[in-house]
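Report on the structure
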Amino acid sequence: MTIGAFILTSVFILWEYLNGGVVTHHLLAREDLTGISNWWGLLTIPLLSWLITSLIYRRRDKKIKSKSNIEDSEIKILKGFLSALVFGIIASLLWEFNLENILQYFILLPIIISFFKPVHLPEYLLGFVIGMLFTFGGILPIIIGTVLLVLSFLVNKLIRTLKNLFISKAD
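A few points on the structure. These numbers come from a predicted model, not from an experiment. (Residues numbered from 1 in each chain as written. Predicted model: local features only at pLDDT ≥ 70, side-chain atom pairs only at ≥ 80, totals over all residues. Heavy atoms only, no water.)

Following the criterion strictly, the structure yields 6 aromatic pairs and no others. Aromatic pair W15 and F134: ring centres 5.3 Å apart, planes at 55°, arrangement tilted. One end of the pair, W15, is in helix α1 (residues 2-18); the other, F134, is in helix α6 (residues 122-136), and 119 residues separate them in sequence. Given a relative accessible area of 47%, W15 falls into the partly exposed group. Cluster of aromatic residues (ring-pair linked, three or more members): F12, W15 and F134. (Phe/Tyr/Trp six-rings, centres within 6.5 Å; stacked < 30°, edge-to-face > 60°. Helix = DSSP H or I, 4+ residues; strand = E, 2+ residues; numbered from the N terminus. Buried < 20%, exposed > 50% of the residue type's maximum accessible area, 1.4 Å probe, protein only.)

Here it is in structure tokens:
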């Protein structure tokens, strides 16, 4: 997975290099703020891929020890990755087609979904980042994805805590 992420990032960087130069993104899309070159993606994307793959394998090993159904878990991981990949691609397309007015609401979708199911798992971050890689490079999607991941975790944890609190009081 890590090698695949490196190859994918390299292809995107090579394409940029051959088509006008490697892009530098500025925070908040403002030229007066710090710029981050897409060259950094050659380091950050494989590193993120390795870290997330390690976390997924660790979670898988725990399920094996508890004798849970591994196949269902692997299908859930793949579905989570693919759904986040599609989400990242759609967010990138909204940006590319200058639909920021839709994007500002669309980007909040994981937080809304986290009211009902956990979307703060590592595979979601990796899918999101890879989906946004071509448009935003290898740093900004990690930052945005991490913020969304943390907010989704907090919302999901709060909802589960409130649910458990009310269920235990009802018993």
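Compared with the 39 Å implied by 1.5 Å per residue over 27 residues, the 39 Å span of helix α3 (residues 70-96) between its first and last C-alpha is a close match. For α3, the set of buried residues is I70, S73, I77, G80, F81, A84, L85, F87, G88, A91, S92 and L94. Immediately downstream of α3, the backbone of N98 shows phi near 55°, a positive value. (Expected span 1.5 Å × (residues − 1).)

Next up on the list: unusual backbone geometry. Positive phi outside glycine occurs at N98, with the angle close to 55°. Judged by relative accessible area, N98 falls into the exposed class, the value being 56%.

For the pair helix α2 (residues 41-65) and α6, the least separation of the axes is 9 Å and the interaxial angle reads 155°. Classified by the interaxial angle, the pair formed by α2 and α6 is roughly antiparallel. Judged by the twist between their axes, the crossing of α2 over α6 is left-handed. The residues of α6 that touch α2, namely those facing I45, L48, S49, I52, L55, I56 and R59, are P122, E123, L125, L126, V129 and L133. A per-class count over the contact of α2 with α6 returns 10 nonpolar, 1 polar and 2 charged. (Axes fitted to C-alpha atoms, helices over the stretch in contact; angles between N-to-C directions. Parallel < 35°, antiparallel > 145°, perpendicular 65-115°, else oblique. Left-handed = near helix turned anticlockwise from the far one by under 90°. Contact = heavy atoms within 4.5 Å. Nonpolar A, V, L, I, M, F, W, Y, C, P; charged D, E, K, R; others polar.)

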